Amino acid sequence: MIIFKSEREIKMMHEAGKLLASCHKEIAKIIKPGIRTSQIDVFVEGYLAKWGATPEQKGYQGYPYAICASVNDEICHGFPNNNPLKNGDIVTIDIVVNLNGALADSAWSYAVGNISDNAKHLLKVTKESLYKGVEQAQVGNRLGDIGYAIQSFVEAEGFSVVREFTGHGIGKKMHEEPAVLHYGKAGKGTKLKEGMVITIEPMVNVGMWQCKIDSNGWTARTVDGKLSAQYEHTIAITQNGPLILTEQ
Ligand code: MF3
Ligand code: CO
């Protein structure tokens, strides 16, 4: 069942989203070779607490940290750890903010120091694919329009779209219906209506789209060891077009 949101609920999610966007801006400033993702985890929890918010991922189905931090070939759900990030790494930081019971979800990939041209291209294409998807998040369009826009763009650039993880509805719960696939056929799937709030969060791989899960039961990484990136926004479907609640 899709849970439609009132204007007031969307406003509250937007407040959570603005806080999340500001948190990502702070992360961008501190990401440098030598920093550990465990430090970013501690930073984020402290930053949110300062503004009266909590990290919704912590404790979600037993997930142990405030953030997901996925480095290089890790696709998503990477555990923060004490390994210093190295020059040339890429890292995706995924955060879900709970502010007064309203949620917002946004992931962003960051370059650590100087990265390869291939990694730069991956980040550019992945970010652009998110916005291609957002453009399609219009009243009257269908979910397949979002998936098709993302997949066709990514594949034309020679990269692949991860299939195992999807965007989702979001509200008072992190994961609501519908699932938002980042691949698919234009004109197919659930029709978008005013008051729906969804995430669009393409994970894009340099090589094959398939993933394997680490022994921690959470972390997904590429089967071929090649790089993966992700950008994610929370978006409200409105009569005036897509409203990005987590815009930086
Ligand atoms: N934020 C993720 C998403 O985009 C969910 C992470 S799962 C968790 O859907 F367990 F880490 F919370
Ligand atoms: Co997320």
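Check the entry above for the structure.
What you see is a predicted model, and the numbers here were worked out from it, not measured in a lab. Per chain, the residues get numbers from 1 upward, laid out in the order the sequence is written. Both sets of labels track the order of writing: A upward for chains, 1 upward for ligands. Only residues with pLDDT of 70 or above have their local features reported here, since the model is predicted, and side-chain atom pairs are shown and tallied only from 80 upward, although totals for entire chains, interfaces and linings are computed over all residues. As a rule here, side-chain values come from all non-hydrogen atoms in the structure, and water together with hydrogens is ignored.

Enquirer: Could you give me a rundown of the state of the cysteines, with the residues and numbers involved?
Expert: Criterion for a disulfide: a pair of cysteine sulfur atoms within 2.5 Å. All chains considered together, the criterion is met by zero disulfides. With no disulfide of its own, Cys211 lies closest to Cys76 among cysteine sulfurs, the gap being 7.1 Å.

Enquirer: Could you give an account of the sheet that holds strand 6 (residues 160–161), with specific residues and numbers?
Expert: At least two DSSP bridges between two strands are required for those strands to pair. Helix and strand labels come from DSSP, where a helix needs a run of H or I of at least four residues and a strand needs a run of E of at least two; each type is numbered from the N terminus. The antiparallel open sheet is built from three strands, whose spatial order is 6-10-13. Strands with a single pairing partner mark the edges of an open sheet, and in this sheet they are strand 6 and strand 13 (228–230). Together, strand 10 (203–205) and strand 13 form the strand contacts of helix 3 (residues 117–135), whose direction differs from that of strand 13 by roughly 35°. We call two residues contacting when some pair of their heavy atoms lies within 4.5 Å. Every axis corresponds to a line fitted to the C-alpha atoms, with the helix fit spanning only the stretch in contact, and the corresponding angles, defined between N-to-C directions, vary from 0 to 180 degrees.

Enquirer: Just give me the short version of the site of ligand 1, but keep the residues and values in it.
Expert: In the vicinity of ligand 1, 14 residues are found, and the nearest of them are Gln57, Asp94, His168, His175 and Glu201. In the analysis that follows, any N or O atom pair within 3.5 Å is treated as a polar contact, provided that within protein one partner can donate a hydrogen and the other can accept it, and provided that, for residues neighboring in sequence, both atoms belong to side chains. Within the side chain of Glu232, an N or O atom sits 3.0 Å from an oxygen atom of ligand 1. The accessible surface values rely on the Shrake-Rupley method and a 1.4 Å probe; as for residues, cover is taken only from the protein chains in view. Protein coverage of the free-state accessible area of ligand 1, which is 340 Å², stands at 97%. Residues of the shell around ligand 1, tallied by class, amount to six nonpolar, four polar and four charged. Residues are labelled near a given molecule or strand when at least one of their non-hydrogen atoms is within 4 Å of it. All amino acids are sorted into three groups, where Ala, Val, Leu, Ile, Met, Phe, Trp, Tyr, Cys and Pro are nonpolar, Asp, Glu, Lys and Arg are charged, and the leftover types, Gly among them, are polar.

Enquirer: Describe in detail the pattern of salt bridges, supporting the description with residues and values.
Expert: Should their charged atoms come close, side chains of opposite charge can pair. For this analysis, a salt bridge means a side-chain nitrogen from Lys or Arg found within 4 Å of a carboxyl oxygen belonging to Asp or Glu. Summed over the entire model, instances satisfying the criterion amount to 10 salt bridges. A salt bridge links Lys29 to Glu26; its shortest N-O distance comes to 3.1 Å. In this pair, Lys29 and Glu26 are both assigned in helix 1 (residues 7–30), three residues apart and thus about one turn of the helix distant. Exposure is judged per residue with a 1.4 Å probe applied to protein chains only, and the accessible area is read against the type maximum: over 50% gives exposed, under 20% gives buried, and values in between give partly exposed. What makes Lys29 exposed here is its relative accessible area of 53%. Glu26 gets classed as partly exposed once you look at its relative accessible area, which sits at 25%. Between Asp214 and Arg221 there is a salt bridge, and its shortest N-O distance comes to 2.8 Å. Among the ionic contacts, a cluster of salt bridges with common partners joins Asp73, Glu74, Asp214 and Arg221.

Enquirer: Give me the lowdown on helix 3, citing residues and values where you can.
Expert: A rise of 1.5 Å per residue sets the reference length of helix 3, with its 19 residues, at 27 Å; its end C-alpha atoms lie 27 Å apart and thus fit the reference within 8%. Inspection of helix 3 places Ala119, Leu122, Leu123, Val125, Thr126, Ser129, Leu130, Gly133 and Val134 among the buried residues, and these make up the whole buried set. Under the convention used throughout, the expected extent of a helix is 1.5 Å for every residue step, that is, one less than its residue count.

Enquirer: Report on the coordination of the cobalt ion (ligand 2), specifying residues and quantitative values.
Expert: Coordination of the cobalt ion (ligand 2) by the protein is provided by Asp94 (OD), Asp94 (OD), Asp105 (OD) and Glu232 (OE), with metal-donor distances spanning 2.1 to 2.5 Å. Note that the cobalt ion (ligand 2) binds six donor atoms; their angles at the metal cover 55 to 171°, and the shape is irregular. Metal donors: N, O and S atoms at distances within 2.8 Å, or within 3.2 Å for Na, K and Ca, with water omitted from the atom set so that some sites may seem incomplete. By the criteria applied here, four donors are tetrahedral when all angles lie between 85 and 135 degrees, four are square planar and six octahedral when opposite donors are over 155 degrees apart and every other angle lies between 65 and 115, and any other arrangement is irregular.

Enquirer: I'd like a description of the pairing of strand 14 (residues 233–238), backed by residues and values.
Expert: The element strand 14 is largely enclosed, with a buried count of six among its six residues. The alternating pattern of strand 14 places His233, Ile235 and Ile237 on one face and Thr234, Ala236 and Thr238 on the opposite face, and all of these are buried. With four bridges connecting them, strand 9 (residues 197–200) and strand 14 associate as antiparallel partners. Bridging across to strand 14, Val197 finds its partner in Ala236.

Enquirer: Any details on the packing of aromatic side chains? Residues and values, ideally.
Expert: What counts as a ring pair is set by centres within 6.5 Å for rings of Phe, Tyr and Trp (its six-membered ring), and what kind of pair is set by the plane angle: stacked under 30 degrees, edge-to-face over 60, tilted for all other angles. Applying the stated criterion to the full structure yields six aromatic pairs. Ring geometry for Tyr63 against Phe79: centres 5.5 Å apart, planes inclined by 85°, an arrangement best described as edge-to-face. A residue pair is termed long-range when its members are at least 10 positions apart, and Tyr63 in the loop between strand 1 (54–55) and strand 2 (68–71) and Phe79 in the loop between strand 3 (74–76) and strand 4 (90–99) qualify at 16 residues. Of the two residues, Tyr63 and Phe79, neither departs from the other in class, the shared state being buried. Ring geometry for Tyr63 and Trp218: centres 5.0 Å apart, planes at 80°, overall edge-to-face. One end of the pair, Tyr63, is in the loop between strand 1 and strand 2; the other, Trp218, is in the loop between strand 11 (211–213) and strand 12 (220–222), and 155 residues separate them in sequence.

Enquirer: Account for the nonpolar core, with residues named and values stated.
Expert: Grouping buried Ala, Val, Leu, Ile, Met, Phe, Trp, Tyr and Cys residues that are joined through side-chain atoms within 4.5 Å yields what is termed a nonpolar core. Counting residues in each nonpolar core, the largest one holds 53 residues, and the members touching the most others are Ile27, Ile40, Ile93, Ile95, Val97, Ile146 and Ile200. Of all elements in the fold, only helix 1, helix 2 (37–50), strand 4, strand 5 (102–111), helix 3, helix 4 (143–156), strand 9 and strand 14 reach the threshold of two or more residues within this core. With 10 residues, the next largest nonpolar core counts Ile10, Ile170, Met174 and Leu245 among its residues.

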